[in-house]
Amino acid sequence: MRWLFLLLVLLNVFFWIQHQYQSPVRVKEITPLDSYNRPQQNITLLSESSARERRSSASPLATENGCLFLGGFDDRPPAEALEQRLLSLDVQSEIQEVDTASGVDYWVYLPPLASRQASLRQLRELQSRNIDSYIITVGDLANGISLGIFSRKDSAEGVVARLREVDYAALVRELPRMHRKYWVRVGAASRGQLDDAMLQGLKNDMPELQHRQMPCAGVATSE
């Protein structure tokens with residue numbers, strides 16, 4: 001048994017040595033030298049990146065179209081003070097009033113009747129019922145009867161429903177609620193004189209100051 005065991009060990013050693021000599025040689029690939037010298041197309045030079053950043057951060061005052069408006073005040077005196085400040089900086093400007101819609105009101109009314117006398121009789125009937133009402137004197141609803149203006153639609157519809165119960169066919173008209181803002185428009189000839197630093201100085205003195213690009217036409221000029 002001992003000789004058989006030794007024979008098996010020798011056979012294993014023999015087969016292991018034979019396997020080592022028959023194993024294929026592994027070749028290690030080396031990257032060609034010219035691949036390191038090939039120029040890279042996706043590299044961006046620092047100078048090119050900086051130039052693009054300077055172009056993208058250019059002042060909006062110099063690139064936008066339309067007229068430059070400063071202000072957006074609720075009252076006229078701050079706009080007048082801003083206009084004087086700009087004039088002291090040799091920047092020509094003028095105050096302009098801009099009305100913008102800030103919501104909707106709901107007007108309850110009765111349409112005009114065939115004659116003013118008929119509308120007056122209807123008005124007296126309403127007032128005898130303690131219904132607040134007024135004759136309309138101007139506009140396309142002249143000689144109609146106003147029954148109130150409400151900021152909420154459900155309130156207006158409630159009045160219409162109550163009047164319907166007493167045989168009055170009231171209607172509702174939406175009225176844009178206008179809010180007036182005071183702006184100072186910078187003259188076209190002085191546009192280049194107002195740079196970012198000057199604008200920031202104005203904002204520091206007037207924190208509520210806004211600046212916008214708006215169409216030059218179609219804005220009501222104050223008298």
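Residues numbered from 1 in each chain as written. Predicted model: local features only at pLDDT ≥ 70, side-chain atom pairs only at ≥ 80, totals over all residues. Heavy atoms only, no water.

Taking an unreviewed UniProt entry as the reference, the protein is identified by name as SPOR domain-containing protein belonging to Stutzerimonas stutzeri.

Participant: Any chance you could explain the overall build of the protein here in plain terms?
Facilitator: When you go through the protein residue by residue, the secondary structure sums to seven helices and six strands. Sequence-ordered secondary structure for the protein, helices as α and strands as β, is α-α-α-β-α-β-α-β-β-α-β-α-β. A fraction of 77% describes how many contacts in the protein between residues 6 or more apart in sequence connect residues 24 or more apart. (Helix = DSSP H or I, 4+ residues; strand = E, 2+ residues; numbered from the N terminus. Contact = heavy atoms within 4.5 Å.)

Participant: Just checking my understanding: could you explain the nonpolar core for this structure?
Facilitator: The tendency in soluble globular proteins is for nonpolar side chains to be buried as a group. The biggest cluster of nonpolar side chains holds 16 residues, and the ones touching the most others in it are Leu70, Leu82, Leu86, Leu202 and Leu209. Secondary structure elements with two or more residues in this core: β1 (67–73), α4 (76–88), β5 (171–186) and α7 (196–205). Those residues in contact with Leu82 that sit more than four places away from it in its chain are Leu70, Gly71, Phe73, Val184, Leu202, Met206 and Leu209. (Core = buried A, V, L, I, M, F, W, Y, C linked by side-chain atoms within 4.5 Å. Buried < 20%, exposed > 50% of the residue type's maximum accessible area, 1.4 Å probe, protein only.)

Participant: Quick question: what am I supposed to make of the sheet that holds strand β2 (residues 93–110) here?
Facilitator: Backbone-to-backbone hydrogen bonds pair the strands of a sheet. The strands run either parallel or antiparallel. One open sheet accounts for six strands, arranged β3-β4-β2-β5-β1-β6; its pairing is antiparallel. A strand with exactly one partner marks an edge of an open sheet, and here the two such strands are β3 (134–135) and β6 (210–214). Sheet topology places β2 next to strand β4 (residues 145–150); five bridges connect them, and they run antiparallel. Looking at the pairing, Val108 lines up with Gly148 of β4. Strands in contact with helix α6 (residues 153–165) are β2, β4 and β5; relative to β2, the strand with the most contacts, it is inclined by about 35 degrees. (Pairing = 2+ DSSP bridges. Axes fitted to C-alpha atoms, helices over the stretch in contact; angles between N-to-C directions.)

Participant: Teacher, can you tell me more about the side chain of Ser146 here?
Facilitator: Locating Ser146 in the fold gives a position in strand β4. Separated by 2.8 Å, the side chains of Ser146 and Trp107 make a polar contact. Apart from residues lying up to four places away in sequence, Ser146 is in contact with Trp107, Val108, Tyr109, Asp132, Ser133, Tyr134 and Ile136. (Polar contact = N/O pair within 3.5 Å; in protein donor to acceptor, adjacent residues only side chain to side chain.)

Participant: Sorry, what's going on with the pattern of salt bridges here?
Facilitator: Proximity of charged atoms lets side chains of opposite charge pair with each other. Here the structure, examined in full by the defined rule, presents 10 salt bridges. When the shortest N-O distance is used, the salt bridge between Glu94 and Arg185 registers 2.6 Å. Separated by 91 residues along the polypeptide, Glu94 in strand β2 and Arg185 in strand β5 bring together distant segments of the chain. According to the relative accessible area criterion, Glu94 is partly exposed, its value standing at 29%. Notably, a salt bridge pairs Glu97 with Arg180, separated by 3.0 Å at the nearest N-O pair. On the criterion of sequence distance, the pair formed by Glu97 in strand β2 and Arg180 in strand β5 is long-range, its members being 83 residues apart. For Glu97, a relative accessible area of 18% puts it in the buried group. (Salt bridge = Lys/Arg side-chain N within 4 Å of Asp/Glu carboxyl O.)

Participant: Quick question: what am I supposed to make of the environment of Asp140 here?
Facilitator: Tracing the backbone through its elements, the reader meets Asp140 in the loop between β3 and β4. A relative accessible area of 59% places Asp140 in the exposed class. For the pair formed by Asp140 and Pro112, sequence separation is 28 residues and the distance between their alpha carbons is 9.1 Å. In terms of polar contacts, Asp140 uses its side chain to reach the side chain of Arg173, at 2.9 Å.

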